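Next come the chains, spelled out residue by residue.
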Amino acid sequence: MASETDKKAQEKQTKSKERVRDHGEVFTAEREVKAMCDLVKDETERIDSRFLEPACGNGNFLAEILTRKLAVCKRRYKKSAYDYERNSLLALGSIYGVDILTDNAAECRARLYEIWNREYRAVCKKECNDDTRASAKFILSRNIVCGNALTLNCVDENGNDTTTPIVFSEWTFPRNDALLQRTDYTFTELLQEDDKDKQQDMFTENDGEGKFLKKYITHYRRLQDNE
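A few points on the structure. (Residues numbered from 1 in each chain as written. Predicted model: local features only at pLDDT ≥ 70, side-chain atom pairs only at ≥ 80, totals over all residues. Heavy atoms only, no water.)

1. Here we look at the packing of aromatic side chains
- For the coordinates displayed, the defined rule picks out 5 aromatic pairs.
- With centroids separated by 5.9 Å and ring planes inclined at 35°, the aromatic side chains of Tyr113 and Trp116 adopt a geometry described as tilted. One end of the pair is Tyr113 and the other is Trp116, both in helix H7 (residues 102–124) and 3 residues apart, which spans about a single turn.
- Judged by relative accessible area, Trp116 falls into the buried class, the value being 0%.
- A ring pair is formed by Phe138 and Trp171, whose centres lie 6.3 Å apart and whose planes are at 85°; its orientation type is edge-to-face. Within this pair, whereas Phe138 is found in helix H8 (residues 130–143), its partner Trp171 is found in strand S6 (residues 167–172), the two being separated by 33 residues in sequence. (Phe/Tyr/Trp six-rings, centres within 6.5 Å; stacked < 30°, edge-to-face > 60°. Helix = DSSP H or I, 4+ residues; strand = E, 2+ residues; numbered from the N terminus. Buried < 20%, exposed > 50% of the residue type's maximum accessible area, 1.4 Å probe, protein only.)

2. A few points about the environment of Ala149
- Here Ala149 lies in the loop between strand S3 (144–148) and strand S4 (153–155).
- The spacing of Ala149 and Ile166 is 17 residues in sequence and 8.8 Å in space, taken between C-alpha atoms.

3. A short note on empty space enclosed by the protein
- Enumeration according to the criterion identifies 2 cavities of 30 Å³ or more in this entry.
- Size it by volume and the second largest cavity reaches roughly 30 Å³.
- Contributing to the lining of the second largest cavity are Phe138, Trp171, Leu180, Arg182, Tyr216, Thr218, Leu223 and Asn226.
- Among the elements of the structure, strand S7 (179–186) and strand S8 (212–219) are those that each provide at least two residues to the lining of the second largest cavity. (1 Å grid on protein atoms, 1.4 Å probe; cavity = no way out; pocket = protein on both sides within 12 Å on 5 of 7 lines; lining within 4 Å. Points joined across faces, edges and corners; volume = space filled by probe spheres on them.)

4. A few points about the sheet that holds S7
- The 3 strands are arranged S6-S7-S8 in an open sheet whose pairing can be described as antiparallel. The open sheet has two edge strands with one neighbour each: S6 and S8. On average, each strand axis in the sheet is inclined to that of its neighbour by 20°, with strand direction left out of account.
- Note that S7 and S8 share 7 bridges and pair antiparallel. Along S8, the bridge assignment pairs Gln181 with Ile217. (Pairing = 2+ DSSP bridges. Axes fitted to C-alpha atoms, helices over the stretch in contact; angles between N-to-C directions.)

Structure below.
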């Protein structure tokens, strides 16, 4: 069941006339979000299927996608806190957002965390732990970025481009155990790539699709150790 915070975020389509004028900021209504997600229903219900929202706002699309993915996690893994933790973090790690406004990015992270944590408490109850919560927050700090989706550069507090490229992290379980792998890439050319066939996989070390930076493998409850 959605919280009051999430309901208000879904229902409000504009924050101010000035933001509409300066940034063209109008949030997609809940009905349209659900209808558009239904067009790719199978993918929204696949735990590891990746979604990138290049103008995520405060997260209307990403919140809906995460809610669907977590429902699948609950249905499949509710009897095991260990399996639910791993797979719910994988679901969270499959969602990416970029927004040029710092408050939107912050609100989106907080909103997605609230959705994840609410379901975590409901499923794992007394087996919940703060280390897993810290890992969830760390994933969101990497995946929801304040930047310019056209240039794929980070922006400053005024929304102006910097020379720092956006870096996204791929999250995978390389083995069927507790070790979660994080692989970092830059994506300075991803949205400019003309060859649509090459865009099917967001994460590749090929030229033109993003530059591989570094790889980390850590226990899923200790992701923040490799900040």
